[in-house]
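# Secondary and tertiary structure notes
What follows is each chain in one-letter form.
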Amino acid sequence: MHDESKIVLNCPECDAAIYEMIDWFKRSDFVCQVCGKGLTAAQFAPMIADLEQAIDTRLDEMISDQPHAGCCGKKSTCC
Ligand SMILES: [Zn+2]
């Protein structure tokens, strides 16, 4: 699926940008690396839902736009 996708969400407590895997935000509870306050997945769920929708749309566009699906297209070293 989108296991490699890293996303940025803002901490609800301190508004710091948190750059982590989507799955990291889906854990039941975790601590903000900046303010150290406990956060829950429920606080991020609406933002994640929006992001995953956007990612799915982008992937669909990539697949339809690029016939060279064998390459990830992200790094020159991948092929
Ligand atoms: Zn925070």
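Up top you'll find the structure we're talking about.
Throughout what follows, the structure given in this document is the object of discussion. Nothing here was measured: the structure is a model prediction, and the numbers come from that model. (Residues numbered from 1 in each chain as written. Predicted model: local features only at pLDDT ≥ 70, side-chain atom pairs only at ≥ 80, totals over all residues.)

### What about unusual backbone geometry?
As a rule of thumb, non-glycine residues mostly have phi less than zero, and peptide bonds are mostly trans rather than cis. In plain terms, the rule: Runs of E in the DSSP output that reach at least two residues are strands. Runs of H or I that reach at least four are helices, and both are numbered from the N terminus.
Its identity is not glycine, yet Asp15 carries a phi of approximately 70°, on the positive side. Counting through the fold element by element, Asp15 comes out in the loop between strand 1 (6–10) and strand 2 (17–21).

### Some details on the pairing of strand 1
The line we're drawing: Working definition of burial: number of other C-beta atoms within 10 Å of the residue's own, with buried at 20 or more, exposed at 12 or fewer, and partly exposed in between, all C-beta atoms being placed from the backbone. Two strands pair under a simple rule: DSSP has to find at least two bridges between them.
Burial analysis of strand 1 places just 0 of its 5 residues in the buried class, a small minority of the element. Sheet analysis places strand 1 next to strand 2, joined by 5 bridges and oriented antiparallel. Residue pairing for strand 2: Val8 is matched across the bridge by Tyr19. Between strand 1 and strand 2, which pair antiparallel and follow one another directly, the connecting turn spans 6 residues, one of which, Asp15, has a positive phi of 70°.

### Some words on the environment of Gly38
Its location among the elements puts Gly38 in strand 4 (residues 38–40). The sequence separation of Gly38 and Glu13 amounts to 25 residues, and the corresponding C-alpha distance is 9.1 Å.

### Some words on the environment of Ile48
Here is the rule: Two residues qualify as a contact pair if the distance between their C-beta atoms, derived from the backbone, is within 7 Å.
By secondary structure assignment, the location of Ile48 is in helix 2 (residues 41–65). Using a count of 16 C-beta atoms within 10 Å as the deciding quantity, one classes Ile48 as partly exposed. In sequence terms Ile48 and Ile22 are 26 residues apart; their C-alpha atoms lie 7.4 Å from each other. Sequence-distant contacts of Ile48, that is, excluding residues within four places in its chain, are made with Ile22, Phe25 and Lys26.

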